[in-house]
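# Survey of secondary and tertiary structure
One-letter residues, chain by chain:
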2 protein chains.
Amino acid sequence: MNDSEPNSNAGLVAALRDALGDDGVLVGDAVTARAGDGSGTVPCAAQAVLRPRTTEQLSAALAACHGASQPVVPQGGLTGLVGGGVAGDLEVAITLERMTDIEEIDPVGRTMTVQAGAALQSIQEAAEAEGLLFPLDLGARGSCTIGGNVATNAGGNRTIRYGMTRDSVLGLEAVLADGTVLSSLNKMVKNNAGYDLKHLFVGSEGTLGIVTRVVLRLERRPRSHNCALLAVPGFTEVTSLLRKLEEELGGSMSAFEVMWREFYELVTGPQARTAPPIPHGDPYYVLVEAFGARQEEDAAQFEEALGDCMEDGLIGDAVLGKSKAERDEIWALRDDVEQLNHLAPIFTFDVSLRIADMEAYVGGIKAALSERWPGSDCVVFGHLGDGNLHVVVGVGDGSPEARSAVEDIVYGRLEPIDGSVSAEHGIGFEKRAHLGRSRTPEEIALMKTLKRTLDPRGILNPGRVFEAEGAPPTGSHADASVRLPA
Amino acid sequence: MNDSEPNSNAGLVAALRDALGDDGVLVGDAVTARAGDGSGTVPCAAQAVLRPRTTEQLSAALAACHGASQPVVPQGGLTGLVGGGVAGDLEVAITLERMTDIEEIDPVGRTMTVQAGAALQSIQEAAEAEGLLFPLDLGARGSCTIGGNVATNAGGNRTIRYGMTRDSVLGLEAVLADGTVLSSLNKMVKNNAGYDLKHLFVGSEGTLGIVTRVVLRLERRPRSHNCALLAVPGFTEVTSLLRKLEEELGGSMSAFEVMWREFYELVTGPQARTAPPIPHGDPYYVLVEAFGARQEEDAAQFEEALGDCMEDGLIGDAVLGKSKAERDEIWALRDDVEQLNHLAPIFTFDVSLRIADMEAYVGGIKAALSERWPGSDCVVFGHLGDGNLHVVVGVGDGSPEARSAVEDIVYGRLEPIDGSVSAEHGIGFEKRAHLGRSRTPEEIALMKTLKRTLDPRGILNPGRVFEAEGAPPTGSHADASVRLPA
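Residues numbered from 1 in each chain as written. Chains lettered and ligands numbered in written order. Predicted model: local features only at pLDDT ≥ 70, side-chain atom pairs only at ≥ 80, totals over all residues. Heavy atoms only, no water.

## Topic: the environment of A433 of chain A
- Here A433 of chain A is to be found in the loop between α13 (400-412) and α14 (435-438).
- Residues A433 of chain A and L229 of chain A, spaced 204 residues apart in sequence, show a C-alpha to C-alpha distance of 38 Å. (Helix = DSSP H or I, 4+ residues; strand = E, 2+ residues; numbered from the N terminus.)

Shown next, in the form of structure tokens:
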């Protein structure tokens, strides 16, 4: 599609320039000057980058691409971890970086209507300015976009209290593959007037439509914050602790993060930013947090609940975050995932399984890894309250063969226990070969049927989630995933 | 399809008997002996009633019906309010009354796997027996089934705290129109492995598949209950009260039900079961409830919050439900909807709109009704915290013409404010003519596209939600809605 190439599609470029204006269609150096993925080290490989200013512009551009069977890749903040937004050299990238408005806040109904290119952090701040809370939160808040959060159904630290992104989406507007604008901007908590179409677009990774606007549900801002770091003597105690705190805190628990000892030792080791607030030596460390309404009473209830747990032998040592600075320090430790790079080369996983299966599962993969690679690292942490574990494996070998062997261990052992190969990161390119480990053939067949129905020419983010069916006329990165950065 | 009729489809009957056994296929008197709708006064009009014992039996039966293009109507407890489960005389009813097992409870992961024919109340009780809570609750709990709850995305009294039925469904199994069994029995809170297909079936009223099994998310059982009835001097005070209580109760609020004065006077009038706990004369009465963890502390917090609201002038009189008996009495008043029959003939509506629009909306429809029918009744109550109002109108005339004129007022005034003609009851037959008032042409077109894709012969609950496209070969009740009971 590059103007200078002999096989360029001059008609399509002209149509896109017509739809988006000259500054809405980047080609050549203007494309390669942009980042191709979240690492910032790879140039964008796309044939062109489209930058619509309005839904109508995007609609016209997609209609043109549909007409030309041109594959397109919607891009948010490029913070995804499964390669879903990385455009190949036969694809056209679409960014909503010029559609970032926060259009409306209804403080009574507690809704916010935003354009999909808005950064998560700008949404959090706009809610805060109204004395409200947008509860979705993740490390990439400054650069990820709400459109990307919706497309991937992002999770994050407070899912246990507020749910995934899906649970905060009341309505949305999306442009379908052929340019049809689907306006489903519902602002109501309850609306049973026909099928709830928004769920087709949440979590489908841009393969069924491109989200352009979102109506978000806001929450009341909590007035009290309590947080503690706890050492726990065994996994049975971890699950009993979870149950007891859920009961005693009465629904105010907003995080229950578990760090297996290897993770805790890494993020509080000599090379890390933080000294260990609790000595090393216990098998599990738990970060528990509660949001409530009254600081004094809630702090007393929180401490009393922890005291009860200590009496019951569920907790060994404990450190309370009494001030914002102390709470931030506890979170900083949990969030210091950069320490994992000391184990490089590493393979990282984001899996979901029943809490009751976790101890045996983690024990099983550690044993299998040690057997094959003596001295290998297996570091586990995650949002245990949601059944979500992050598993980081270092076997001293970053080759595709090693990766595949590790995947067989980490993913393979999920199959008999009906676990999921993706808790919150999505499938993208990276996990598509493993989709069948977590979903039945009938489910995958229905996904493909939906894809064919909504995107009959297969132009929307082809090859992400599952293999593209038939190669589009212009070819597609979908069939060239080996070219993707690892 | 009756065996004795000359135009019977002997081949289909034989195939169904083969799939379901003789006692799995009811015809003739065995059909008319059954209730046709929730009133219990109308016999079932279906050609046959199918009673599968297993998913495999239902799969074989649906495959046979698909082969013969025979329309089918899935039935739960027949407690729906929009005619969605009422079978016409060219249709075959399918009941899951022999699939009522509670198959598994995981107390650690807080999940329950049930067959779709299980009654809501049996699920609530099974959760309670494990010290847990299944939060969905509605008046029909004893007879409605979880399959019906899922198919209609039922709401109820505690949506403000726990969400709609959709929010309690982690996974499901459904049989598609052609008999394909889609097993999507996810038990995890987080699972981003591909499209989240369950949302296609939740709230689509049996038009895309028949739900056979459900994995439900259970909640911790609250240990404290607080409840009060409050008189509120104006609508501005109602919204301020909601906001203040949400903030002060820190997420423990489990109901915020508002009764406009006419409703309150009716359910506490001389003919009603309950004497007025608070004198008549105020414009609004609010039932507020909170679920927490510690009875003493939570009661103190609850009373303090109400005291603050009283000081701020948001509340006039207030009555606390200090014992279970007192709380039940307050709820009994709110739930005594039978008193509405004193206004018969009545038309009842279930609408959703932004809280900020409610006062003007209710004032507008009351004025329009009074102008056209002086002395008419308009009684409003509902789950205000969720934006959901029930509107009951009596104009002394129950004719279809009167109904249509009232609908034009009640639904018509929702259109400019983007309200919904169905908050929690669904569309069924009764509201399908009004779907376009709440959804755009593009949305309805996409719904029909999904219907055609998943059910190409249009056999699944045809004509519900929207008109059937083309008459199936055997004809369908879908095109004979005038035969339905009002």
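## Digging into the interface of chain B and chain A
- At the interface, 90 residues of chain B touch 90 residues of chain A.
- Across the chain B/chain A interface, buried area totals approximately 6,800 Å², and carbon plus sulfur atoms make up 54% of it.
- Between R354 of chain A and E104 of chain B there is a salt bridge; the shortest N-O distance is 3.9 Å.
- A per-element tally of the side of chain B that touches chain A places helix α15 (residues 441-454) of chain B first, with 9 residues.
- A breakdown of the residues in the side of chain B that touches chain A according to their chemical character gives 29 nonpolar, 33 polar and 28 charged. (Contact = heavy atoms within 4.5 Å. Buried area = accessible area lost by both parts, 1.4 Å probe. Salt bridge = Lys/Arg side-chain N within 4 Å of Asp/Glu carboxyl O. Nonpolar A, V, L, I, M, F, W, Y, C, P; charged D, E, K, R; others polar.)

## Things to note about the sheet that holds strand β1 (residues 25-27) of chain B
Residue and element names in this part refer to chain B.
- Read across the sheet, 4 strands follow the order β1-β2-β4-β3 without closing on themselves; strand pairing throughout is mixed. Strands at the two margins of the open sheet, each flanked by one partner only, are β1 and β3 (72-75). Within the sheet, the average angular offset between the axes of one strand and its neighbour, ignoring direction, is 25°.
- The pairing of β3 with strand β4 (residues 92-95) spans 4 bridges and is parallel. Bridge assignment links P74 to a residue of β4, and that residue is I94. (Pairing = 2+ DSSP bridges. Axes fitted to C-alpha atoms, helices over the stretch in contact; angles between N-to-C directions.)

## With respect to the packing of helix α8 (residues 235-249) of chain A against helix α10 (residues 295-311) of chain A
Residues and elements named next belong to chain A.
- Their axes nearest at 10 Å, the elements α8 and α10 cross at an angle of 145°. Once α8 is placed against α10, the crossing between them reads as right-handed. From α8, L241, K244, L245, E248 and L249 reach across to α10, where they touch Q301, F302, A305, L306, D308 and C309.
- Class assignment of the residues belonging to the contact of α8 with α10 gives a composition of 7 nonpolar, 1 polar and 3 charged. (Left-handed = near helix turned anticlockwise from the far one by under 90°.)

## Looking at the sheet that holds strand β6 (residues 111-115) of chain B
Residue and element names in this part refer to chain B.
- The 5 strands are arranged β5-β6-β10-β8-β9 in an open sheet whose pairing can be described as antiparallel. Among the strands making up the open sheet, the edge pair consists of β5 (102-106) and β9 (181-184). Averaged over neighbouring strand pairs, the angle between their axes works out to 10° when direction is ignored.
- Taken together, the 6 bridges between strand β8 (residues 169-175) and strand β10 (residues 210-217) define a ladder with antiparallel strand orientation. Among the inter-strand pairings, A174 is bridged to a residue of β10, identified as V211.

## So, the pairing of strand β14 (residues 284-292) of chain A
Residues and elements named next belong to chain A.
- When you tally the buried positions in β14, you get 9 out of 9 residues, the bulk of the element.
- By the alternation rule, side chains of β14 split into Y284, V286, V288, A290 and G292 and Y285, L287, E289 and F291, which are all buried.
- By the bridge criterion, 9 bridges tie strand β12 (residues 224-232) to β14 in an arrangement that is antiparallel. Counterpart to S224 in the pairing with β14 is G292.
- Bridge count between strand β13 (residues 253-260) and β14: 7 bridges; the pairing is antiparallel. Residue pairing in the sheet places E257 in a bridge with L287 of β14. (Buried < 20%, exposed > 50% of the residue type's maximum accessible area, 1.4 Å probe, protein only.)

## Observations regarding the packing of helix α1 (residues 10-20) of chain A against helix α3 (residues 55-67) of chain A
Residues and elements named next belong to chain A.
- Contact geometry for α1 and α3: axes closest at 8 Å, N-to-C directions at 170°. Taken as axis vectors, α1 and α3 run roughly antiparallel relative to one another. Residues L12, A15, L16, A19 and L20 of α1 pack against Q57, A60, A61, A64 and C65 of α3. (Parallel < 35°, antiparallel > 145°, perpendicular 65-115°, else oblique.)

## Brief notes about unusual backbone geometry
- Cis peptide bonds are those with omega within 30 degrees of zero, and the linkage from A344 of chain A to P345 of chain A qualifies with 0°.
- With respect to the helices and strands, P345 of chain A occurs in the loop between α11 (324-335) and β16 (347-352).
- Unlike most non-glycine residues, R110 of chain B shows phi in positive territory, near 55°.
- Locating R110 of chain B in the fold gives a position in the loop between β5 and β6.
- Exposure remark for R110 of chain B: the relative accessible area of 14% places this residue in the buried category.
- In this model, N153 of chain B sits at a positive phi of 50°, which is unusual for a non-glycine residue.
- Taking the relative accessible area as the measure of exposure, N153 of chain B reaches 4% and is therefore buried.

## Details of the pattern of salt bridges
- Counted under the stated rule, the structure contains 82 salt bridges over all chains.
- We note a salt bridge from E246 of chain B to R110 of chain A, for which the minimum N-O separation is 2.4 Å. Of the two residues, E246 of chain B is situated in helix α8 (residues 235-249) and R110 of chain A in the loop between β5 (102-106) and β6 (111-115); the pairing between them involves two chains. Here E246 of chain B matches R110 of chain A in class, with each residue buried.
- Between E304 of chain A and R294 of chain B there is a salt bridge, with the nearest N and O atoms lying 3.4 Å from each other. Linking E304 of chain A in helix α10 with R294 of chain B in the loop between β14 (284-292) and α10 (295-311), this pair reaches from one chain into another.
- Exposure remark for E304 of chain A: the relative accessible area of 44% places this residue in the partly exposed category.
- What you see here is one network of salt bridges that share partners, running through E104 and K187 of chain A together with R354 and D357 of chain B.

## Brief notes about the packing of aromatic side chains
Residues and elements named next belong to chain A.
- Per the counting criterion, the structure on display carries 14 aromatic pairs over all chains.
- Between Y264 and Y285, the ring centres sit 3.7 Å apart and the planes meet at 15°, which makes this aromatic pair stacked. You can see Y264 sitting in helix α9 (residues 261-267) and its partner Y285 sitting in strand β14, a full 21 residues away along the chain.
- Y264 sits in the buried class, given a relative accessible area of 0%.
- Taking relative accessible area as the criterion, Y285 reaches 0% and is therefore assigned buried.
- Taken together, F235, W260 and Y284 form an aromatic cluster joined through their ring pairs. (Phe/Tyr/Trp six-rings, centres within 6.5 Å; stacked < 30°, edge-to-face > 60°.)

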